[in-house]
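Residue-level structure breakdown
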Amino acid sequence: MGSLFTVRGTGYLLGSIIGSKAYDQKRISTHVVLMISVFIIGLICFIIPFITSLWMILGSFLFIGFAAGLIDVGGNTLLMWAWKDKVSGYMQLLHFFFGIGAFGFPFYLALLQFFFSESMSVSIGYWSVTVMCLSGILLMFVKSPKPDNEDDIEKPDNLNSNDEDDVINMNNLIEGDHLDEEDGRKEIVNDYKSEISNNLKKVLYYFINLNTSQNWMIIVCSIILFFYVGAEVNYGAYIYYYAKDNGWADSQEADMLTSLFWMFLTLGRLIAAGISSKVSVTIMLFTNIVGSLISMIILGIATLSTDIRILIKILLYSMTCTLGLFMSSLYPSVVSIPANLNLKVTGQSTSIMVIFASFGMLYLTKLAGRL
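Since we're looking at a predicted model, the values are computed, not measured.

A word on the overall build of the chain. Counting secondary structure elements, the chain contains 14 helices and zero strands. Walking the chain from its N terminus toward its C terminus, one meets helices and strands in the order α-α-α-α-α-α-α-α-α-α-α-α-α-α. Within the chain, the proportion of its 371 residues that are buried is 42%. Pairs at least 24 apart in sequence give 80% of the contacts found in the chain among residues at least 6 apart. Just so you have it, the chain exposes about 21600 Å², and 67% of that area is on carbon and sulfur atoms.

Turning next to the side chain of Gln92. Inspection of the secondary structure assignment puts Gln92 in helix 4 (residues 88-112). Looking at Gln92, the relative accessible area reads 1%, which means it is buried. Contacts of Gln92, omitting those with residues within four sequence positions, involve Arg269, Ala272, Ala273, Ser276, Met284, Ser329, Pro332 and Ser333.

Between helix 2 (residues 30-47) and helix 5 (residues 118-133), the least distance of the axes is 8 Å, while the angle of their chain directions is 155 degrees. In this view, helix 2 runs roughly antiparallel relative to helix 5, as classed from their interaxial angle. Every pair of crossing elements has a handedness; the one defined by helix 2 and helix 5 is left-handed. Contact with helix 2, carried on its side by Val38, Phe39, Ile41, Gly42, Cys45 and Phe46, involves Tyr126, Trp127, Val129, Thr130 and Cys133 of helix 5 and no other residues of that element.

Tallying each qualifying case throughout the model produces three salt bridges. Between Arg269 and Glu232 there is a salt bridge, with its nearest N and O atoms 3.8 Å apart. In this pair, Arg269 sits in helix 9 (residues 251-275) while Glu232 sits in helix 8 (residues 186-245), placing the two residues 37 residues apart along the sequence. Accessibility assignment for this pair places Arg269 and Glu232 in one class, buried. Notably, a salt bridge pairs Glu253 with Lys313, separated by 3.0 Å at the nearest N-O pair. Here Glu253 is found in helix 9, whereas its partner Lys313 is found in helix 11 (residues 309-328), with 60 residues between them in sequence.

Right, let's talk about the nonpolar core for a bit. Counting 48 residues, the largest nonpolar core has Tyr23, Met80, Leu225, Tyr228, Leu316, Tyr331 and Val335 as its most contacted members. Apart from the residues within four sequence positions on either side, Val335 is in contact with Asn76, Met80, Met91, Leu225 and Met353. With 14 residues, the next largest nonpolar core counts Ile41, Ala67, Val129 and Cys133 among its residues.

Chain-level statistics for the chain give a pLDDT mean of 82 and a share of 81% at 70 or above. Low pLDDT, under 50, characterises residues 150-182; the stretch is placed with 33 contacts to residues that sit more than four places away or in other chains. Contacts of residues 200-210 to residues separated by more than four positions or lying in other chains number eleven contacts, the stretch itself having pLDDT below 50.

Another aspect to go through is the environment of Lys146. Its place among the elements puts Lys146 in the loop between helix 5 and helix 6 (164-168). Distance from Lys146 to Thr30, taken between C-alpha atoms, is 8.9 Å for residues 116 residues apart in sequence.

With that settled, consider a positive patch on the surface. Taken together, Lys26, Lys143, Lys146 and Lys344 make up a surface patch of like positive charges. Its location among the elements puts Lys26 in the loop between helix 1 (2-22) and helix 2.

Relative to the assigned elements, Leu58 resides in helix 3 (residues 54-83). A relative accessible area of 13% places Leu58 in the buried class. Separated by 51 residues in sequence, Leu58 and Val7 have C-alpha atoms that sit 6.5 Å apart. Aside from chain neighbours lying at most four places away, what touches Leu58 is Ser3, Leu4 and Val7.

So, about the packing of helix 2 against helix 3. Taken N-terminus to C-terminus, the directions of helix 2 and helix 3 make an angle of 150 degrees; their axes are 9 Å apart at the nearest point. What the angle tells us is that helix 2 and helix 3 run roughly antiparallel. Crossing of helix 2 over helix 3 shows left-handed handedness. Each of Thr30, His31, Leu34, Ser37, Val38, Ile40, Ile41, Ile44 and Cys45 in helix 2 lies in contact with helix 3, whose residues at this interface are Ser60, Phe63, Ile64, Ala67, Ala68, Leu70, Ile71, Gly75, Leu78 and Trp81. Along the lines of polarity and charge, the residues of the contact of helix 2 with helix 3 split into 14 nonpolar, five polar and no charged.

Turning to the packing of aromatic side chains, a few remarks are in order. Each pair of aromatic rings is reported with the distance of its centres and the angle of its planes. Considering all chains together, one arrives at 13 aromatic pairs under this definition. For the ring pair Phe50 and Trp127, a centre distance of 5.8 Å and an interplane angle of 35 degrees mean the geometry is tilted. With Phe50 in the loop between helix 2 and helix 3 and Trp127 in helix 5, this residue pair connects regions lying 77 residues apart in the sequence. Phe50 gets classed as exposed once you look at its relative accessible area, which sits at 54%. For Trp127, a relative accessible area of 29% translates into the label partly exposed.

Rules and cut-offs
Position numbers for residues start from 1 in each chain and track the written sequence from start to end. Owing to the predicted nature of the model, reporting of local features is limited to residues with pLDDT of at least 70; listing and counting of side-chain atom pairs is limited to 80 or more, with chain, interface and lining totals taken over all residues. No hydrogens and no water enter the side-chain calculation; it runs on all heavy atoms of the structure. Going along the chain from the N terminus, every DSSP run of H or I of four or more residues is numbered as a helix, and every run of E of two or more is numbered as a strand. Only protein chains enter the accessibility calculation, which uses a 1.4 Å probe. A residue is then buried if its area is under 20% of the maximum for its type, exposed if over 50%, and partly exposed in between. In what follows, residue pairs with any heavy atoms lying within 4.5 Å of each other are defined as contacts. Here the Shrake-Rupley method, with its probe set to 1.4 Å, supplies the accessible areas, and only the displayed protein chains count as covering residues. Orientation is described by axes fitted as lines to C-alpha atoms, over the contacting stretch for helices, and by angles from 0 to 180 degrees between their N-to-C directions. Angles below 35 degrees are treated as roughly parallel, those above 145 as roughly antiparallel, those between 65 and 115 as roughly perpendicular, and all remaining angles as oblique. A clockwise turn of the near helix away from the far one marks a right-handed crossing, whereas an anticlockwise turn of less than a right angle marks a left-handed crossing. For this analysis, a salt bridge means a side-chain nitrogen from Lys or Arg found within 4 Å of a carboxyl oxygen belonging to Asp or Glu. Working definition of a nonpolar core: buried Ala, Val, Leu, Ile, Met, Phe, Trp, Tyr and Cys residues. They are joined through side-chain atoms within 4.5 Å. Along the chain, pLDDT gives the predictor's confidence residue by residue, from 0 to 100. A patch is a set of surface residues, each over 30% in relative accessible area and not in a salt bridge, joined within 9 Å for like charges and within 5 Å for the nonpolar side chains Val, Leu, Ile, Met, Phe, Trp and Tyr. As used throughout, the charge tally considers Lys and Arg to be positive and Asp and Glu to be negative, leaving His and the chain termini uncounted. Lys charges are placed at NZ, Arg charges at CZ, Asp charges at CG and Glu charges at CD. Polar here means any residue outside two lists: the nonpolar Ala, Val, Leu, Ile, Met, Phe, Trp, Tyr, Cys and Pro, and the charged Asp, Glu, Lys and Arg; Gly therefore counts as polar. Paired rings are identified among Phe, Tyr and Trp, the last through its six-membered ring, by centres lying within 6.5 Å, and are further divided according to the angle between planes into stacked (under 30 degrees), edge-to-face (over 60) and tilted (the rest).

Below is the structure:
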């Protein structure tokens, strides 16, 4: 079982890396790339119930992870291209539906087991995914959003785009070869040289700062996502064992804690989608981080300073719910920061953030498991 998750994670990273190029290329519509990714998952899920070889199962999960990486990069990138600095609410909704799928599908499988055997329930579950993936054909009827390009970038003041001939002949103008300085036009030459020099400095300064700002912002967002995803997955994975091994909850109660965390994480994104249009990303991120830290501090102090079981249980449930709420909108908020700052968004920049998030999930979870 562990090999399946490792192979799927490897495929996800490969898909995320390739996605950086797949959505930036100009030959194929980005919606076609996204549709093909959805169809790959649908096809693999259709054939998995018929596979009996371990190696074929591993190969199937590699392709599923690969397509999931493409979808993750594409969904985030295309949403930012479509809505630009107004993307926050739509990004929250996108990740809300991610949570709906992750939280709701296990319940769907459990419901199937009331009517079918366990093996048949799993097969029907995979085939249900195939049916849902057929909806990807709808992407063919929707116009693909376009990325930011140089034509959309505001030019510095005093740059006249109609002066193309003057720019082409700039060297001659600067040297003054075609002007007769003896005719009293030396002053005109100097003024023109000064104007061109200032405009060139503005253009150079603008693009250097644009690239620097974008690169630094992508790095900062990637580092935040690295630690955030690691913390989110660790809490969701280990709160069960933390509560059960310390005698604060039995198996059913520990299961309930895990479910509550993911449920409030999903619910929080729906709430954030409604308020993100009225609250800036900065305030949302500040609230997310401070609220998460306070929830963890209260829970840590309570579990270390008191032996009252009922109090610990109350705090476990309440702080798990509040932690899920405060952490819920952090990922979509961070991913949408470049678009909110009107920085140029590309498949590559989104891919870098997704890859860092994946590394956080992989390595910080392993690190926590060894502690």
